[in-house]
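Structure assessment
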Amino acid sequence: MWLLAGRGPRCGRALVPWASGAACLGLPWLRCPATRGSTAEPWAPARLYGSGDRKEKIDMSRFPAEHIRNFSVIAHVDHGKSTLADRLLELTGTIDKTKNNKQVLDKLQVERERGITVKAQTASLFYNCEGKQYLLNLIDTPGHVDFSYEVSRSLSACQGVLLVVDANEGIQAQTVANFFLAFEAQLSVIPVINKKIDLKNADPERVEKQIEKAFDIPSDECIKISAKLGTNVESVLQAVIERIPPPQGHCKNPLRALVFDSTFDQYRGVIANIALFDGVVSKGDKIVSAHTQKIYEVNEVGILNPNEQPTDKLYAGQVGYLIAGMKDVTEAQIGDTLYLHKQPVEPLPGFKSAKPMVFAGMYPIDQSEYNNLKSAIEKLTLNDSSVTVYRDSSLALGAGWRLGFLGLLHMEVFNQRLEQEYNASVILTTPTVPYKAVLSSAKLIKEYREKEITIINPAQFPEKSKVTEYLEPVVLGTVITPDEYTGKIMMLCQARRGVQKNMMYIDQHRVMLKYLFPLNEIVVDFYDSLKSLSSGYASFDYEDAGYQTAELVKMDILLNGNIVEELVTVVHKDKAHSVGKVICERLKDSLPRQLFEIAIQAAIGSKIIARETVKAYRKNVLAKCYGGDITRKMKLLKRQAEGKKKLRKVGNIEVPKDAFIKVLKTQPDK
């Protein structure tokens, strides 16, 4: 039996299970009529806990599609998105209201440490409005550009979004990007202006005008709240019910479920997050993966509340999780369609494959840890399907992989999660971008089986004689900044070979700049430089804009004339000298001295463009000479020089791993 918690006249009462018996089904916060004191709150809000705390299962058939709302919360970084999600969980009785409720849905250690959301999380909320019981499926999404693939996947399970904008900072670059993701998915957009109480410069009216000008959303549709205090948050829930349409699925149709996310549990295997577009799924059903055509038996279905809460069934329009004995991480493909055995359906469109923007080599510190690291990468890429993995090897670093990421922060977070969740220590090389080369001869085209090849490893960059042109990836970058910093930022963009495409004032004091950038110019330190020039007020976002012709060269690093494959890099012709000089200087500081001189050179083809020298250890052969003829001393010095020359020819230079780490992990200054 279900009861309503709270006393709101129209909306705002959470749906909670009624407890019976002296023990109240193990729910001490919801007391029985017989044990409730006269001074107790008669309808105290109760927390909807996960499977470990609740004794009775929720009957999901009580929520037909017209009483379901599926929505995401999207925003720029640090605009109060996760704080709003916390208040919504409290208001619906999903969690207890305490001072410790901060980033409740941010479950990863890396999210807590960095204070940002990197993984979309789902929570089912029960809410009553005007006597009707609603199931609200909330998906909290990341706000950084590197995790936009997480946002786009989450939107596939929704019919609307809450677009949160900070009343102090106003519209930022990622706000614009998120809005257009929702617009392309044809979702209802509810703008929410969040006023932070600890900031004095909040101007909600100015932000309303920005939203109206940039997104063509009337200002009277904006909802002003304080997520930290919970002020006016209940009107957000009412707007979700009134302005976001219900899902269109029907329970009588054959099952069609979209896998939009997944995690790996050591004991239960793959846990798939699913959105049911049609039909019903329950424990014991035989289901088929449209991707692999394998048949599975459903072991458990349920909702996230926000922890796992098993249910008997899930119905069309609902969002939840499914466990079906998938033990191999390759069996769970995000974007896959699940359907009942012997009831085939047309697969759902799924998702576009994520396009990696940067690549980096990853190697175990010790080759004996190779298999453990391989297993860890496979499990983590199941949870983060935007990472692409290719096998790679290095003479100095051994067997490893070349991984593709959506950005530098994405790479750092992935590495941090490997260390924290799987206790894996790795060597991560400097990031590079994927270049292309157009081959010049029919023989080469036949060899590579295509005219245009993609190069993700600089060591495989073809010679100029073999290609007609090189192509480098470009992105369309959006910078939003206060107008006082416009001049400095335009100079920075020009220094990074940026081409201005547009400039627009979104209000009296804020400017939106659009530039076409080569990706390798912005991937490492552009964002830090931008924040430094603008005192932290500018924001930056970018999207893929294809490829353009560029004068690229492969720069080799030589030690005593021998090429070091791990340090080969691709640079623009105009910046080759400065980049080569910095790498040589860093190698000089990193390499241990030998009994012979080491020449460190940066070369383009046969042309040396930079050089540093590590001086040899020198024995004082004149120590035994006390005076005497100068010819005796000259003879000893000549013999020593000849010996070092011979040693230099036969001596091998082994570059220690810590030297590679020091040189590779730090991008040369531009």
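Residues numbered from 1 in each chain as written. Predicted model: local features only at pLDDT ≥ 70, side-chain atom pairs only at ≥ 80, totals over all residues. Heavy atoms only, no water.

The name given to the protein chain in an unreviewed UniProt entry is GTP binding elongation factor GUF1, with the source organism recorded as Loxodonta africana. Its UniProt record, at the heading Function (unreviewed entry), says of the protein chain: "Promotes mitochondrial protein synthesis. May act as a fidelity factor of the translation reaction, by catalyzing a one-codon backward translocation of tRNAs on improperly translocated ribosomes. Binds to mitochondrial ribosomes in a GTP-dependent manner." Regarding the protein chain, the relevant UniProt record gives this comment under Subcellular location (unreviewed entry): "Mitochondrion inner membrane". (UniProt positions renumbered as here; feature names shortened; annotations may be inferred.)

**Topic: the sheet that holds strand S10 (residues 269-278)**
With antiparallel pairing, the eight strands of this open sheet are ordered in space as S13-S12-S18-S9-S10-S17-S14-S15. Each edge of the open sheet carries a strand with a single partner, namely strand S13 (295-297) and strand S15 (308-311). Adjacent strand axes in the sheet meet at a mean angle of 40°, parallel and antiparallel pairs treated alike. Taken together, the three bridges between strand S12 (residues 286-289) and S13 define a ladder with antiparallel strand orientation. Note on S13: the bridge partner recorded for Val 288 is Ile 295. Of the strands in this sheet, strand S9 (256-265) and S10 touch helix H7 (residues 370-383), which is tilted by about 145° from S9. (Pairing = 2+ DSSP bridges. Helix = DSSP H or I, 4+ residues; strand = E, 2+ residues; numbered from the N terminus. Axes fitted to C-alpha atoms, helices over the stretch in contact; angles between N-to-C directions. Contact = heavy atoms within 4.5 Å.)

**Considering the side chain of Asp 166**
Relative to the helices and strands, Asp 166 is located in strand S6 (residues 160-166). You can call Asp 166 buried: its relative accessible area is 0%. Within polar-contact distance, the side chain of Asp 166 engages the backbone nitrogen of Asn 168 at 2.6 Å. When near neighbours in sequence (up to four residues on either side) are disregarded, Asp 166 contacts Asp 78, His 79, Asn 194, Lys 196 and Val 207. (Buried < 20%, exposed > 50% of the residue type's maximum accessible area, 1.4 Å probe, protein only. Polar contact = N/O pair within 3.5 Å; in protein donor to acceptor, adjacent residues only side chain to side chain.)

**What to know about the pairing of strand S20 (residues 388-394)**
In this sheet, strand S21 (residues 398-405) lies alongside S20 in antiparallel orientation, the contact comprising seven bridges. Bridge pairing links Thr 388 to Gly 404 in S21. Where S20 folds back onto S21 in an antiparallel hairpin, the turn is made up of three residues.

**What about the packing of helix H3 (residues 148-155) against helix H4 (residues 173-184)?**
The contact between H3 and H4 brings their axes to 10 Å, and the two run at 30°. Here H3 is positioned roughly parallel relative to H4, judged by the angle of their axes. Judged by the twist between their axes, the crossing of H3 over H4 is right-handed. Together, Ser 148, Val 151, Ser 152 and Leu 155 of H3 and Gln 174, Asn 178, Leu 181 and Ala 182 of H4 make up the contact between the two elements. Residue classes in the contact of H3 with H4 are distributed as four nonpolar, four polar and no charged. (Parallel < 35°, antiparallel > 145°, perpendicular 65-115°, else oblique. Left-handed = near helix turned anticlockwise from the far one by under 90°. Nonpolar A, V, L, I, M, F, W, Y, C, P; charged D, E, K, R; others polar.)

**Here's the deal with the pairing of strand S24 (residues 452-455)**
Two faces belong to every sheet, and in a regular strand the side chains alternate between them. Here S24 shows a clear split, with Ile 453 and Ile 455 buried on one side and none of Glu 452 and Thr 454 buried on the other. In terms of strand pairing, strand S23 (residues 435-439) meets S24 through four bridges, oriented antiparallel. By the bridge assignment, Ala 437 is partnered in S24 with Ile 453.

**Overview of the sheet that holds strand S19 (residues 358-364)**
With respect to topology, four strands assemble into an open sheet ordered S20-S21-S19-S22, the strand pairing being antiparallel. The sheet is open, and its two borders are formed by S20 and strand S22 (426-428), each paired with just one other strand. Sheet twist, expressed as the mean angle between neighbouring strand axes with direction ignored, is 30°. Packing against the sheet, H7 makes contact with S19, S20, S21 and S22, and its axis sits at approximately 15° to S21.

**Focus: the environment of Gly 335**
When you line up the elements, Gly 335 lands in the loop between strand S17 (319-323) and strand S18 (337-340). Given the relative accessible area of 15%, Gly 335 is considered buried. Note: C-alpha distance between Gly 335 and Val 259 (76 residues apart in sequence) is 5.3 Å. Once you skip the residues sitting within four places of it in the chain, Gly 335 turns out to touch Leu 258, Val 259, Gly 350 and Phe 351.

**Description of helix H10 (residues 486-495)**
Taken residue by residue, H10 has Thr 486, Ile 489, Met 490, Leu 492 and Cys 493 as its buried positions. Summarising the axial view, the buried residues of H10 lie within an arc of 160°, below the 170-degree limit, and thus occupy one face. Turned more than 90 degrees from where H10 packs its buried face, Met 491 and Gln 494 sit exposed. Those residues of H10 that are buried lie in contact with strand S25 (467-482), strand S26 (499-505), strand S27 (510-518) and helix H12 (526-533). Looking one or two residues beyond H10, the residue adopting positive phi is Arg 497, at roughly 60°. (Arc of directions from axis to C-beta.)

**A short note on the pattern of salt bridges**
Going through the model one piece at a time under the given rule, you end up with 26 salt bridges. Across the pair Asp 203 and Arg 206 runs a salt bridge whose closest N-O atoms are separated by 3.8 Å. Here Arg 497 and Glu 472 are joined by a salt bridge, their closest N and O atoms 3.0 Å apart. One end of the pair, Arg 497, is in the loop between H10 and S26; the other, Glu 472, is in strand S25, with 25 residues separating them in the sequence. Among the residues examined, Arg 497 registers a relative accessible area of 22% and is labelled partly exposed. Owing to a relative accessible area of 1%, Glu 472 belongs among the buried residues under this scheme. (Salt bridge = Lys/Arg side-chain N within 4 Å of Asp/Glu carboxyl O.)

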